[in-house]
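# Reading the structure
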Amino acid sequence: MSTLELKDFTEEQEALVVKSWSAMKKNASELGLKFFLKIFEIAPSAQKLFPFLRDSSVPIEQNPKLKPHAMSVFIMTCESAVQLKKAGKVTVRESSLKKLGATHFKYGVVDEHFEVTKFALLETIKEAVPEMWSPEMKEAWGQAYDQLVAAIKTEMKPTS
């Protein structure tokens, strides 16, 4: 397991993340797709970062590879957020983290991409659980996302 120190992720923050993820989990496939469509709405050029979208002739929302990819990213992001308090760190298998880092490096992902993704994630969650949304929940999810990104960035280097 790869670890990264956590900046005071409180029990209250954990409770907000866990409660909202429990409510969203059953719709992870649809929410994952919404999340990615929001990314591409904000930053259309981000589509070029995904090989399976570059030469696709179908509308983006109908691309057969987008929905499963979006769902796996959304689930991994949310599950890693839920683990923060319990583990005291971002918990992603080291092999997965190395692969994520190498892939993000290979495709030229930069800080701005992570910022757009964070905004899209927070907006997706806000729309998914509007009755739970609060400044505290936004802060909790934002901090959880930042921790995951920091862990991925530590592995963003060329593969040998």
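Parameters at a glance
- Residues numbered from 1 in each chain as written.
- Predicted model: local features only at pLDDT ≥ 70, side-chain atom pairs only at ≥ 80, totals over all residues.
- Heavy atoms only, no water.
- UniProt positions renumbered as here; feature names shortened; annotations may be inferred.
- Phe/Tyr/Trp six-rings, centres within 6.5 Å; stacked < 30°, edge-to-face > 60°.
- Helix = DSSP H or I, 4+ residues; strand = E, 2+ residues; numbered from the N terminus.
- Buried < 20%, exposed > 50% of the residue type's maximum accessible area, 1.4 Å probe, protein only.
- Expected span 1.5 Å × (residues − 1).
- Arc of directions from axis to C-beta.

An unreviewed UniProt entry annotates the protein as leghemoglobin-related originating from Salix viminalis. A UniProt comment under Sequence similarities (unreviewed entry) is attached to the protein, and it reads "Belongs to the plant globin family."

### Let's talk about the packing of aromatic side chains
Tallied over the entire structure, the rule returns seven aromatic pairs. Between Phe36 and Phe40, the aromatic rings sit 6.0 Å apart at their centres with planes inclined by 70°, giving edge-to-face as the arrangement. Taken as a pair, Phe36 and Phe40 lie in helix H2 (residues 28-42) at a separation of four residues, close to a single helical turn. A relative accessible area of 4% places Phe36 in the buried class. Taking 5.6 Å as the distance between ring centres and 80° as the angle between the ring planes, the aromatic pair formed by Phe40 and Phe50 counts as edge-to-face. One end of the pair, Phe40, is in helix H2; the other, Phe50, is in the loop between H2 and helix H3 (51-54), and ten residues separate them in sequence. Both residues of the pair, Phe40 and Phe50, count as buried. Of the aromatic side chains, those joined through ring pairs into one cluster are Trp21, Phe35, Phe36, Phe40, Phe50, Phe52 and Phe74.

### Here's the deal with helix H1 (residues 11-24)
End to end, H1 covers 20 Å across 14 residues, agreeing with the expected 20 Å (1.5 Å per residue, within 8%). Of all the positions in H1, only Gln13, Val17, Ser20, Trp21 and Met24 are classed as buried. The buried residues of H1 occupy one face: seen down the axis, they fall within an arc of 100°. Those residues of H1 that are exposed and angled more than 90 degrees off the buried face are Glu11, Glu12 and Lys19.

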